[in-house]
Amino acid sequence: MAKEDAIATLRALKLDRKRFLNLLEKLIGTSEKLQDNPPHFVPQENLAIHHVMAAVDPFRVENGGKLHVEHVVYSEGRGNLILKITGSSDKVVSVVGSHLDVVVADPECWERDPFQLQVEGDKLFGRGTTDCLGHVALVTTMMTQLAESGIELDTTVCAVFIASEEAQAEAGVGVDGLLEGGKLEFMKKGPLLWLDTADSQPCIGTAGALTWDLKCNGVLCHSGMPQQGINAVEFAMEATKYLQEVFYKRFPACAKEEEYFFRTPSTMKPTQISCAKGGLNQIPQWCLVQGDVRLTPFYTMEQVKEALVEAVEQLNEDPTCLPSHGPVSQYAIPDKKASLELRFGDYVMHGIACNLTPHYHALCSAIKQIKKTCQPYSVSGSLPLVKEMQEAGFNIFMLGFGLMSSYHADNEYCLLSDMESGVEILANWVANCEEM
């Protein structure tokens, strides 16, 4: 097949709807056992891989086809799958990130069975249709169609389906294991598209995420004798406000956030609060405030931790610098003063600002070819491991064809029309990269 014919094949590719829906139905039918929330739900991704393997089997190299298939397992029952159509040069384009696990679905909260595919016009309902089994079915179908066409490219086309994206309770199971094992190393020779976002437009940035606990210690006393105690709730209110003020002064909105289309700057927010149990006539001894930081990728989590630890140390030195609440509200009494204990969560996700390389612009061109417009965006949500992959040398950017409004939602669905245009976008992107 001449190069011109191969390019024409890519640009003419349309989704095999029957093949796609047949595989998606099987994947959604397995999704109850793909729920990921250990220890209550431990997914068995190999169950999904079984269906993908059956779909690609006629097109494997071992059966006279063009698809190279590698099943990689680092934890029993929890596999990853690599599909590859080898090109004639060392050029490569990769689609990674479509994961085989799903978030938990409570059937009582759904209007439909979440673990059965239901087709209602253009809408495809079921847990995983948007995130991310729809992408698994889509990319699998595309790879089988390319293999079936007998296409011959200079560029190797690779797809990787991963385990353990929704919860990283067990290290080394999914893409982190593949990285450590060197299975993805060859992909550094070309662009890597992380296919796990939404709305058919390029996502070029995410925020990092860091949880924090702030324990505010006071002195227990009767509420009728407030002069004898330190109100931990009042102290928590003022200390939290002070730390937020420090945060927003040190990590303000910046021009890069506008350039990358972030809708919000970095934020630090309390999201839960609790205190020592007692009567309403007692001033509590302690109050615990918990929350998170969402940090745009133009700052580092190390900077955040350093700034907040320093602020807590200052308040512990002199808690009376904070405003009090009324004439007998106080943060120090003879021989005792209020104090803070700040702890950060063990799991940290780092934000990413994608490198806007020629391969990224080739993707934008493909989106414009199919959708007529291309509007990049960034989100203050977080994706695991993408920053680590970028730092490891991968030219990574992000896309997805599900619906952002349906992510992790009850009655999750995607649109068949978006999946159909999605395969055209991917095929045209491969064609654009082939011509570079």
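Everything below is about the structure shown above.
Residues numbered from 1 in each chain as written. Predicted model: local features only at pLDDT ≥ 70, side-chain atom pairs only at ≥ 80, totals over all residues. Heavy atoms only, no water.

Colleague: Describe unusual backbone geometry, with residues and values.
Modeller: Here Pro38 and Pro39 are connected by a cis peptide whose omega angle stands at 0°. Inspection of the secondary structure assignment puts Pro39 in the loop between helix H2 (17-30) and helix H3 (45-56). The omega torsion across Asp131 and Cys132 is 5°, close enough to zero to call that bond cis. Tracing the backbone through its elements, the reader meets Cys132 in the loop between strand S5 (123-125) and helix H4 (133-149). Residue Asp199 is not a glycine yet carries a positive backbone phi of 70°. Residue position: Asp199 is located in the loop between strand S7 (191-195) and strand S8 (203-206). In this structure, Leu385 is a non-glycine residue whose phi angle is positive, near 75°. Checked against the element boundaries, Leu385 lands in the loop between strand S18 (377-379) and helix H10 (386-391). The exposure class of Leu385 is partly exposed, given its relative accessible area of 21%. (Helix = DSSP H or I, 4+ residues; strand = E, 2+ residues; numbered from the N terminus. Buried < 20%, exposed > 50% of the residue type's maximum accessible area, 1.4 Å probe, protein only.)

Colleague: I'd like a description of H2, backed by residues and values.
Modeller: A rise of 1.5 Å per residue sets the reference length of H2, with its 14 residues, at 20 Å; its end C-alpha atoms lie 20 Å apart and thus fit the reference within 8%. Along H2, the positions that sit buried rather than exposed are Phe20, Leu23, Leu24, Leu27, Ile28 and Thr30. Along H2, the residues classed as buried sweep out an arc of 150° about the axis, all on the same side. Looking at the buried residues of H2, the elements they touch are H3, S5, H4 and helix H11 (416-434). (Expected span 1.5 Å × (residues − 1). Arc of directions from axis to C-beta. Contact = heavy atoms within 4.5 Å.)

Colleague: With reference to specific residues and values, describe the packing of H4 against H11.
Modeller: Where H4 meets H11, the closest approach of the two axes is 10 Å, and the angle between their N-to-C directions is 50°. The angle between the axes of H4 and H11 places the two elements in the oblique class. Our pair here, H4 against H11, has a crossing hand that is right-handed. Every residue of H11 that contacts H4 at Gly134, His135, Leu138, Val139 and Met142 is listed here: Met419, Gly422, Val423, Leu426 and Ala427. Counted by class, the contact of H4 with H11 contains seven nonpolar, three polar and no charged residues. (Axes fitted to C-alpha atoms, helices over the stretch in contact; angles between N-to-C directions. Parallel < 35°, antiparallel > 145°, perpendicular 65-115°, else oblique. Left-handed = near helix turned anticlockwise from the far one by under 90°. Nonpolar A, V, L, I, M, F, W, Y, C, P; charged D, E, K, R; others polar.)

Colleague: How would you explain helix H8 (residues 301-317) if you had to name every residue and give the values?
Modeller: Under the 1.5 Å per step criterion, the end-to-end length of H8 is 24 Å for 17 residues, consistent within 8% with the ideal 24 Å. Of the positions making up H8, those classed as buried are Met301, Val304, Ala307, Leu308, Ala311, Val312 and Leu315. All buried residues of H8 project into a common sector of 130° when viewed along the axis, lining one side. In H8, the exposed positions that point more than 90 degrees away from the buried face belong to Glu302, Glu306, Glu313 and Glu317. Tucked into the core, H8 has its buried residues touching strand S9 (208-217), helix H6 (232-250), strand S11 (267-275), strand S13 (286-295) and strand S16 (339-344).

Colleague: Explain the sheet that holds S5 residue by residue, including any values.
Modeller: Strand order in the open sheet formed by three strands is S4-S5-S20, and the pairing between neighbours is antiparallel. Since the sheet does not close on itself, it has two edges, and those belong to strand S4 (118-120) and strand S20 (413-415), each with one partner. Strand after strand, the sheet turns through a mean of 25° between neighbouring axes, direction not considered. Relative to S5, S4 runs antiparallel, the two sharing three bridges. (Pairing = 2+ DSSP bridges.)

Colleague: Run through the pairing of strand S2 (residues 78-85), naming residues and quoting values.
Modeller: Burial of S2 is extensive: seven of the eight residues sit out of reach of the surface. Relative to S2, strand S1 (residues 67-75) runs antiparallel, the two being bridged by eight bridges. Among the inter-strand pairings, Val69 is bridged to a residue of S2, identified as Leu83. Between S1 and S2, which pair antiparallel and follow one another directly, the connecting turn spans two residues, one of which, Gly77, has a positive phi of 80°. Bridge analysis of S2 against strand S6 (residues 156-162) gives five bridges, and the strand direction is antiparallel. Among the inter-strand pairings, Leu81 is bridged to a residue of S6, identified as Phe161.

Colleague: Requested: an account of the side chain of Asp213, with residues and values cited.
Modeller: Take Asp213: it is sitting in strand S9. Within polar-contact distance, the side chain of Asp213 engages the side chain of Arg343 at 2.8 Å. Every residue in contact with Asp213, bar those within four places of it in the chain, is listed here: Leu288, Val289, Gln290, Glu341, Leu342 and Arg343. (Polar contact = N/O pair within 3.5 Å; in protein donor to acceptor, adjacent residues only side chain to side chain.)

Colleague: Can you break down the state of the cysteines residue by residue, with the values?
Modeller: Counted by the stated rule, this structure contains zero disulfides. Looking at Cys254, it has no disulfide partner, and the nearest cysteine sulfur is the one in Cys354, 16 Å off. The class for Cys254 is partly exposed, based on a relative accessible area of 23%. For Cys321, which is in no disulfide, the shortest distance to another cysteine sulfur is to Cys216 and amounts to 13 Å. (Disulfide = S-S within 2.5 Å.)

Colleague: Lay out the packing of H2 against H4 in plain terms, naming residues and giving numbers.
Modeller: Between H2 and H4, whose axes approach to 9 Å, the crossing angle comes to 140°. Relative to H4, the element H2 lies oblique. For the pair H2 and H4, the sense of crossing is right-handed. Here Arg19, Phe20, Leu23, Leu24, Leu27 and Ile28 of H2 lie close against H4, whose contacting residues are Leu133, Gly134, Val136, Ala137, Leu138, Thr140, Thr141, Thr144, Gln145 and Glu148. Among the residues forming the contact of H2 with H4, the class breakdown is nine nonpolar, five polar and two charged.

Colleague: Pulling in residues and values, what's your account of the side chain of Gln35?
Modeller: With respect to the helices and strands, Gln35 occurs in the loop between H2 and H3. Under the relative-accessibility criterion, Gln35 is labelled buried at 3%. Only 2.9 Å separates the side chain of Gln35 from the backbone nitrogen of Ala105, close enough to count as a polar contact. Filtering out sequence-adjacent residues up to four positions away, Gln35 remains in contact with Phe41, Val42, Pro43, Val102, Val103, Val104, Ala105 and Phe115.

By themselves, these figures tell us nothing about what the structure is for.
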